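One letter stands for each residue in the lines below.
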Amino acid sequence: MRLYTKIVLIVGLSFSLSNMAKAQFDFDSFLEAGLADANKLLQSYLEPAFQGIGYGINSGWYNTARPHQTLGFDLNVSVSAAIVPTGGEFFTFNNSEYSNVRLSNGTSAQLPTLFGPNLGADDLPELTFFDNNGDQTIRISAPTGLGIEEEFPTNAVPTPMIQLGIGLVKGTDLKIRYVPNISIGDDDESEIKLFGIGLMHDIKQHLPVVKALPFDLSVFVGYTNLKTTLAVDADLNQFAEFETTGTIVQALISKKLAFITAYGGLGYAKSKTTFGLLGQYSTETTTFTDPINLAYDNGGVRANVGLRIRLLFLNIFGEYAFQEYNTATVGIGFSFREGKSSTNVPIVPGI
Amino acid sequence: MKKISICLLACLMGSLFSCGEAGIQSDISQIVDVDPISVTINVPPLLVGQRIDETPSTSVNTGDINITSEEFDEYSDELQRFTINQIYYSLSGIDAGNETDLDVDMSIVFAGGSRIPLLSTVIVNAHAQSAQVLLFDKAAPGTVNQTAIAGIESALLNGTSFVIEMELVGRDVLLNSSSDTFQFQFKFDVTARVQLD
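A quick note: this is a predicted structure, and the numbers were derived from the prediction, not measured.

Each value, and the rule that gives it
- Residues numbered from 1 in each chain as written.
- Chains lettered and ligands numbered in written order.
- Predicted model: local features only at pLDDT ≥ 70, side-chain atom pairs only at ≥ 80, totals over all residues.
- Heavy atoms only, no water.
- Helix = DSSP H or I, 4+ residues; strand = E, 2+ residues; numbered from the N terminus.
- Buried < 20%, exposed > 50% of the residue type's maximum accessible area, 1.4 Å probe, protein only.
- Contact = heavy atoms within 4.5 Å.
- Areas by Shrake-Rupley, 256 points an atom, 1.4 Å probe, with all protein chains shown as cover.
- Core = buried A, V, L, I, M, F, W, Y, C linked by side-chain atoms within 4.5 Å.
- Polar contact = N/O pair within 3.5 Å; in protein donor to acceptor, adjacent residues only side chain to side chain.
- Phe/Tyr/Trp six-rings, centres within 6.5 Å; stacked < 30°, edge-to-face > 60°.
- Lys NZ or Arg CZ within 6 Å of the ring centre and 35° of its normal.
- Pairing = 2+ DSSP bridges.
- Axes fitted to C-alpha atoms, helices over the stretch in contact; angles between N-to-C directions.
- Expected span 1.5 Å × (residues − 1).
- Patch = residues over 30% accessible without salt bridge, like charges linked within 9 Å, V, L, I, M, F, W, Y side chains within 5 Å.
- Salt bridge = Lys/Arg side-chain N within 4 Å of Asp/Glu carboxyl O.
- Lys, Arg positive; Asp, Glu negative; His and termini not counted.
- Charge placed at Lys NZ, Arg CZ, Asp CG, Glu CD.

Q: Would you explain the overall build of chain B in this entry?
A: When helices and strands are counted, chain B shows three helices and ten strands. Starting at the N terminus, the α and β elements of chain B follow one another as α-β-β-β-β-α-β-β-β-β-α-β-β. Classification of the 197 residues of chain B by burial places 47% in the buried group. Sequence-distant contacts in chain B: of pairs separated by 6 or more residues, those separated by 24 or more amount to 86%. Here chain B has roughly 9100 Å² of accessible surface; of this, 49% comes from carbon and sulfur atoms.

Shown next as structure tokens:
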């Protein structure tokens with residue numbers, strides 16, 4: 001059974017529904033080698049994918065620091081690309097950290113992650129798997145990366161988002177990210193749901209001196225939860241479940257000049273992603289229950305700058321966030337009843 | 001909302017990434033055992049217990065060898081090539097007290113009947129061989145016929161069987177009975193190159 005294929009396909013669903021299944025090798029051997037080894041190897045190999053989702057999910061919340069007027073609203077769709085840093089393209093495999101998996105040659109090697117280069121078999125270190133008796137079961141090329149950077153300008157993990165913002169009162173916006181529990185797949189056996197909530201509040205109005213200055217200043221806090229359940233084999237009650245939560249707290253500043261708004265944010269963002277392979281999985285010798293459980297955390301300072309172009313009600317925006325996985329976001333949407341700022345003095349007279 | 005979501009998840013993401021034209025390549029290697037074959041050497045009854053120069057020639061073969069494994073079979077549509085890394089043999093079951101060297105001529109007979117010599121070798125003190133012995137190493141092929149090895153690799157890729165024929169002659173033989181039957185087993189260390197487009 002090409003279990004590994006299925007896992008990568010599941011992980012790949014977040015990124016590509018068609019192509020990532022190519023990164024496959026015999027995962028049964030990993031399970032035969034023991035769950036600890038299987039989890040450790042997959043944890044390292046898949047890390048950029050899940051970390052990237054974590055960074056991406058905290059992006060795209062806003063494109064101005066100015067809240068709507070009461071009952072004003074905006075609807076945006078965006079996609080963020082968390083750029084995998086060079087250090088995320090490889091991980092170090094040390095024989096000493098594994099029980100039943102060894103490099104065929106040497107004791108330590110740099111292996112590509114899922115987002116590493118696509119290396120040919122001749123360039124990949126070979127892994128030897130042993131059973132619990134110490135007998136060699138199989139040798140396999142270390143999993144290769146997908147070589148995304150070779151095909152695209154950047155090596156990034158994309159995260160799509162859809163979001164509604166509603167103006168409340170006193171310079172406060174409520175942001176909602178919501179996708180109901182929808183079924184996907186040929187037989188509707190997989191599910192995905194998204195929920196996020198954010199609040200943006202104009203704090204400039206509360207600052208006696210600052211409120212006279214010609215820019216907008218807000219604070220923002222947001223929380224997003226993305227949960228996906230995907231069928232590995234629904235008939236066998238085998239599923240994979242991954243869940244990402246992201247939290248962000250930032251101070252925002254923006255300045256509108258005619259139809260262009262420049263904006264930026266500074267604060268803290270963190271995320272956690274868990275991945276579990278649920279159900280019973282059998283190899284030639286053993287049956288494993290819920291064999292794979294991976295968890296990834298990240299958190300740190302997040303600074304971002306962005307630009308929005310407004311054409312009547314249409315907004316086109318892009319931003320770049322500086323963090324461990326720098327993240328670029330582009331989006332499009334429309335908004336009505338945007339807030340007014342009495343201190344926004346036009347640069348060009350008459351505008 | 002649902003349509004937008006699906007569109008976001010499927011179309012947008014699906015269009016962003018690709019492995020490109022290179023595909024994914026992987027080597028899967030395994031040591032595959034071949035069923036042991038029985039070999040019997042004989043000496044005339046009058047010479048039991050006496051050292052003789054050689055026994056009559058004995059011909060045996062492995063029967064059809066299909067080197068398969070679950071791992072190889074899973075990728076049967078994506079196999080690009082097979083490589084024979086090493087061939088081992090092991091001997092077992094020579095009765096205690098018996099002594100012999102073995103002259104062995106090995107040939108590979110492929111489906112269709114073509115026969116290619118593989119190797120002629122002498123197994124010194126065959127009765128003392130307990131561990132597996134390296135017969136062929138890709139890194140140091142020695143006198144092993146590369147054409148035969150290439151033929152085996154080709155047969156594996158094509159999914160056809162082959163047979164190892166052996167002609168054995170006991171040398172410097174001391175048997176305590178008129179015959180001795182022992183087991184001769186081959187092991188192949190094989191690598192399958194898998195190319196996933």
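Q: Help me understand the nonpolar core, please; the structure alone is not making it clear to me.
A: Soluble globular proteins tend to pack their nonpolar side chains together in the buried interior. Membership of the largest hydrophobic core comes to 92 residues, with the highest contact counts inside it found for B:Phe162, B:Met166, B:Phe184, B:Phe186 and B:Phe188. Apart from the residues lying within four places of it in its own chain, the contact partners of B:Phe186 are B:Val32, B:Asp33, B:Val34, B:Thr62, B:Ile87, B:Tyr88, B:Tyr89, B:Met106, B:Leu135, B:Ile164 and B:Met166.

Q: What exactly am I supposed to notice about the side chain of A:Thr64 here?
A: Residues and elements named next belong to chain A. Relative to the elements of secondary structure, Thr 64 occurs in the loop between helix H3 (35–57) and strand E1 (68–83). You can call Thr 64 buried: its relative accessible area is 9%. A polar contact of 3.0 Å, which involves the side chain of Thr 64, links it to the backbone nitrogen of Arg 66. Of the polar contacts made by the side chain of Thr 64, one reaches the side chain of Ser 254; its length is 3.4 Å. Once residues within four sequence positions are removed from consideration, Thr 64 is found in contact with Met 200, Leu 252, Ser 254, Thr 261, Tyr 263 and Arg 308.

Q: Help me out: how do you make sense of the packing of aromatic side chains in this one?
A: Any aromatic ring pair is given by two values, namely how distant the centres are and how the planes are angled relative to each other. All names here are of chain A. Considering all chains together, one arrives at 16 aromatic pairs over all chains under this definition. Here Tyr 320 and Phe 322 contribute two aromatic rings whose centre-to-centre distance is 5.1 Å and whose plane-to-plane angle is 65°, an arrangement assigned as edge-to-face. Grouping aromatic residues by their ring pairs yields a cluster made of Phe 50, Phe 242, Phe 275 and Tyr 296. Directly above the aromatic system of Tyr 98 lies the positively charged group of Lys 40, at a separation of 5.9 Å from the ring centroid. A cation over a ring is seen here: Lys 204 above Phe 215, with NZ or CZ 5.7 Å from the ring centre.

Q: How should I be thinking about the sheet that holds E1(A) in this particular structure?
A: Strand pairing in a sheet is mediated by backbone hydrogen bonds. Such pairs are either parallel or antiparallel. Residue and element names in this part refer to chain A. What the ten strands build is a closed barrel, ordered E1-E7-E8-E9-E10-E11-E12-E15-E16-E17; its pairing is antiparallel. Taken pair by pair, the neighbouring strands of this sheet meet at an average axis angle of 20°, ignoring direction. Across nine bridges, strand E15 (residues 292–311) lies against strand E16 (residues 314–322) in antiparallel orientation. Across the sheet, Leu 307 pairs through a bridge with Gly 318, a residue of E16. Sheet contacts for H3: E1, strand E7 (156–167), strand E8 (172–184), strand E10 (216–233), strand E11 (238–257), strand E12 (260–278), E15 and strand E17 (327–338); angle to E15, the most-contacted strand, approximately 25°.

Q: What am I meant to see in helix H3 (residues 146–158) of chain B here?
A: Each α-helix turn comprises 3.6 residues. Residues three or four places apart therefore point the same way. All names here are of chain B. For H3, which comprises 13 residues, the first-to-last C-alpha distance of 18 Å matches the rise-based estimate of 18 Å (1.5 Å per residue) to within 8%. Taken together, the buried positions of H3 are Ala 148, Ile 149, Gly 151, Ile 152, Glu 153, Ala 155 and Leu 156. In the core, the buried residues of H3 are packed alongside strand E5 (79–92), strand E6 (99–110), strand E7 (115–123), strand E8 (133–137), strand E9 (162–174) and strand E10 (179–196). Structurally, the start of H3 carries an N-cap: the backbone nitrogen of Thr 147 is 2.9 Å from a side-chain oxygen of Asn 145.

Q: Looking at this structure, how should I read a negative patch on the surface?
A: Together, A:Asp187, A:Asp188, A:Glu189 and A:Asp235 give the surface a local cluster of negative charge. Within the element layout of this structure, A:Asp187 appears in the loop between E8 and strand E9 (190–202).

Q: What is the right way to read the environment of B:Val109 from this model?
A: All names here are of chain B. You can see Val 109 is positioned in strand E6. With 48 residues separating them along the chain, Val 109 and Asn 61 place their C-alpha atoms 9.6 Å apart. Among residues more than four places away in sequence, those in contact with Val 109 are Ser 114, Arg 115, Phe 162, Val 163 and Glu 165.

Q: Looking at this structure, I do not really get a nonpolar patch on the surface. What am I missing?
A: Residues and elements named next belong to chain A. On the surface, Phe 259, Ile 260, Leu 307, Ile 309, Leu 311, Leu 314, Ile 316 and Ile 332 cluster together into a nonpolar patch covering about 620 Å² of accessible area. At the level of secondary structure, the elements contributing two or more residues to the nonpolar patch comprise E15 and E16. By residue number, the principal contributor to the nonpolar patch is E15, which donates three residues. Take Ile 260: it is sitting in strand E12.

Q: Just to check I follow, could you spell out the pattern of salt bridges for this structure?
A: Opposite charge on two side chains permits pairing when their charged atoms draw close. Residues and elements named next belong to chain B. Enumeration according to the criterion identifies 13 salt bridges over all chains in this entry. When the shortest N-O distance is used, the salt bridge between Arg 171 and Asp 103 registers 2.7 Å. Residue Arg 171 is found in strand E9, and its partner Asp 103 is found in strand E6; the two are separated by 68 residues along the sequence. Owing to a relative accessible area of 28%, Arg 171 belongs among the partly exposed residues under this scheme.

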